[in-house]
Structures are given as C-alpha cells and as structure tokens.
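Chain and residue survey
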Amino acid sequence: MSVNKDIRRVTTHTLHEMKMRGEKISMLTAYDYTMAGIIDAAGIDVILVGDSASNVMAGHETTLPITLDQMIYHASSVVRACKRSLVVVDMPFGTYQGNSKVALNSAIRVMKETGGHAIKMEGGEEIEDSIKRILTAGIPVMGHLGLTPQSIYKFGTYQVRAKEEMEAERLKRDAQLLEEAGVFAIVLEKIPAALAAEVAASVQVPIIGIGAGNGVDGQVLVLHDMLGLTQDFSPRFLRRYAQLGETMRQAVKEYIADVKSVDFPNASEQY
Ligand code: KIV
C-alpha cells in the first residue's frame, strides 16, 4: 500500500501492532483534500471520512441525509491528499442495513471509487450478516458501537449510552461478536469510561473512543470541532485545540476593512 518509499503507510495491521505494544492510536475526521493533507502531514494515524460530513459540511441536523455518492466525493478528495494515514470511510445510513447484498455493493463502490482503505459501519448483531459478507470480499471493516448517530430517531437523544446494565451487557456481546466476525477495530462512542476500558481489555482489536474515556486504545474527534471551527456543539468530551473559527472571522473582517479602505491590494500586490 506504500506510495512513497520514505513514508510507511499505516495499515490495519499497524493498528493491531500498536494495540499490542500499548501505543495509542490517533484518529480524526476529514472530508476534503486540503484539511486531509494538513492532518496527514501532521502524522495522524487514521483519517475517518465520517458521515458527520452531513452535519459539518452540509449543515444537516443529523447524519441520515448524506448519500453514498456524496460520501464517495468526500472520500476520494481525502484519499488524494493522504500519503501516510489509513483512510476509513463511513458507510452512510441506508446503504448496508437489512440486506447484505446491498451492503456489499455499497462497500465495493466505496473501495473502487474512492481508493479508501477500509469502511466503518454502525451497529452490532443486527448488521452481522452485512459485515460478514463485506469481509468475504476482502474489505476491512471498522465497527461502531455505543452512541450510533444513524439511530438517533430510535434513541431520541445524544445522551451517554449503555449506562444501564442491560445495554452495557448487550454492548459487550456486540463487541465480542464484531471481533469474531473479523472487524479490525471498533469505535465506542459516548459510553461510560469504565465500560469502554473493560471492552478494550477484553478484545484483541483496537478500541477507538470518542467520549469513552482514556482506558481505550485510541481517540477520535471530529476535526472541525477540535479546531474550533464549529461552535454550537460542546459536549464534555470535546477538547478544543484551537479557535480557528474566531481566527477566520478576524481575518475576513481585516480583509473587508482593507478592501473598503483601498489598502488592499497595494503597489506590490498588483501587476
Ligand atoms: O461520522 C463521524 O464523524 C464518526 C465519529 C464521530 C466517530 O462516526
């Protein structure tokens, strides 16, 4: 999979080795060429082309509306920018649930048309057939349990999941089932830290958390949230590493002022 002999591509195998030696895995979302190029060059291990593109790129309230064609557009842009990171592409709502043949066709389209290295699917037992069928085609699958945003209308809220014994037991069973099915990693979203740590200790595959504490094998955040480009989303688990939204607003204000005052362009900025 290497494209450049000086840069070693992160693979699903690399992630497994990282878990085995206790090295934490870093993962962020990206949806376009420019952002993906920056975070790939910064050394991120995994780039997730998340269906959160539906929220942060398209302004939808949920992840449900984004289509397979739109995910393919975002993912192919990301892949063109990445020299080192493993690129995982979210399968959008409605492209894999309920019919494993449809699921396989959707996954094949993602792999053929984007050049991505793996896909991610939300759910456990209820999508087992689809996961197994996709795996038989040699397509690596990342699982996603806990808060699964594609099921928001079933849950009704974005609150912490699996706080109750029954749901926690079900999540543990699903994690085992996904591991036995052959997924290469599992995202655990917004569940109690102790439960996430217990799952991470009980399976061989890397567990990547978001709002799942630090007892797991790696962390993922939505890029636009951690960079402070989005403002209206502030869950407890979100650490903002920059305030780029504010930086951009200031830059645009300065530009407007310079245009109005004819300070821009100056003599050295024209032909
Ligand atoms: O779509 C997404 O960004 C995700 C992450 C939050 C894990 O699934």
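Residues numbered from 1 in each chain as written. Predicted model: local features only at pLDDT ≥ 70, side-chain atom pairs only at ≥ 80, totals over all residues. Heavy atoms only, no water.

All right, on to the overall build of the protein then. For the protein, the helix and strand inventory stands at eleven helices and eight strands. Taking 271 residues into account, the globule formula puts the C-alpha radius of gyration at 18 Å, and the protein, at 20 Å, falls close to it. If one aligns the C-alpha atoms of the protein with their principal axes, the spans along those axes are about 65 × 40 × 35 Å. Residue burial in the protein is summarised as follows: out of 271 residues, 49% are buried. Sequence separation of 24 or more characterises 57% of the internal contacts of the protein that already satisfy a separation of 6 or more. Entry remark: accessible area of the protein is about 13,900 Å², with carbon and sulfur atoms responsible for 53%. (Helix = DSSP H or I, 4+ residues; strand = E, 2+ residues; numbered from the N terminus. Rg over C-alpha atoms; globule rule 2.2 N^0.38 Å. Buried < 20%, exposed > 50% of the residue type's maximum accessible area, 1.4 Å probe, protein only. Contact = heavy atoms within 4.5 Å. Areas by Shrake-Rupley, 256 points an atom, 1.4 Å probe, with all protein chains shown as cover.)

The next subject is unusual backbone geometry. With omega at -5 degrees, the peptide bond leading from Phe 264 into Pro 265 counts as cis. Along the chain, the position of Pro 265 falls in the segment after α11 (244–260). The backbone of Ala 162 shows a phi angle near 60 degrees, a positive value even though the residue is not glycine. Among the structural elements, Ala 162 can be located in the loop between α7 (152–155) and α8 (165–181). The class of Ala 162 is buried, set by a relative accessible area of 3%. Located in the positive-phi region is Val 262, a residue other than glycine, with phi close to 60 degrees. Given a relative accessible area of 65%, Val 262 falls into the exposed group.

Counting residues in each nonpolar core, the largest one holds 61 residues, and the members touching the most others are Ile 119, Met 121, Ile 131, Ile 134, Ile 186 and Leu 188. With seven residues, the single largest contributor to this core is helix α4 (residues 68–81). What Ile 131 contacts, discounting residues up to four positions off in sequence, is Met 121, Val 141, Leu 178, Ala 181 and Val 183. Judged by nonpolar contacts, the second largest core, of 17 residues, contains Leu 48, Leu 86, Ala 118 and Val 187. (Core = buried A, V, L, I, M, F, W, Y, C linked by side-chain atoms within 4.5 Å.)

A word on the domain arrangement of the protein. Assigned domains within the protein: domain 1 (12–240) and domain 2 (243–271). The straight-line distance from the C-alpha centre of domain 1 to that of domain 2 is 39 Å. Opposite the five residues of domain 1 that make contact, domain 2 presents five residues. Between domain 1 and domain 2, the buried area comes to about 370 Å², and carbon and sulfur atoms account for 55% of it. (Domains from an automatic or database assignment. Buried area = accessible area lost by both parts, 1.4 Å probe.)

Turning to the pairing of strand β6 (residues 185–189), a few remarks are in order. Across the five residues that make up β6, a large majority, five, are buried. As paired elements, β6 and strand β7 (residues 207–210) share four bridges and run parallel to each other. In the sheet register, Ile 186 faces β7, and the bridge partner there is Ile 207. Traced from β6 through helix α9 (residues 193–202) to β7, the parallel crossover comes out right-handed. (Pairing = 2+ DSSP bridges. Right-handed = clockwise from strand over helix to strand, strands pointing away.)

Below, the discussion takes up the packing of helix α6 (residues 128–136) against α8. Following both chains from N to C, one finds α6 and α8 inclined at 25 degrees, their axes separated by 10 Å at the closest point. Comparing their axes, α8 and α6 come out roughly parallel. For α6 against α8, the interelement crossing comes out right-handed. On α8, the residues touching Glu 128, Ile 131, Lys 132 and Leu 135 of α6 are Leu 177, Leu 178 and Ala 181. (Axes fitted to C-alpha atoms, helices over the stretch in contact; angles between N-to-C directions. Parallel < 35°, antiparallel > 145°, perpendicular 65-115°, else oblique. Left-handed = near helix turned anticlockwise from the far one by under 90°.)

Helical geometry: 3.6 residues make up each α-helical turn, so side chains three or four residues apart lie on a common side. Along its 15 residues, helix α5 (residues 100–114) runs 21 Å from first to last C-alpha, staying within 8% of the 21 Å computed at 1.5 Å per residue. Of the positions making up α5, those classed as buried are Ser 100, Ala 103, Leu 104, Ser 106, Ala 107, Val 110 and Thr 114. The buried residues of α5 occupy one face: seen down the axis, they fall within an arc of 165 degrees. Exposed residues pointing more than 90 degrees away from the buried face of α5 are listed as Lys 101, Asn 105 and Lys 112. Its buried side turned inward, α5 meets α4, β3 (86–90), β4 (118–122) and α6. (Expected span 1.5 Å × (residues − 1). Arc of directions from axis to C-beta.)

What follows covers the sheet that holds strand β1 (residues 25–29). If you trace the eight strands once around the closed barrel, you get β1-β2-β3-β4-β5-β6-β7-β8, paired in parallel fashion. This sheet shows a mean twist of 25 degrees between the axes of neighbouring strands, independent of strand direction. Relative to β4, β3 is paired through three bridges, and the arrangement is parallel. Bridging from a neighbouring strand, Asp 90 pairs with Lys 120 of β4.

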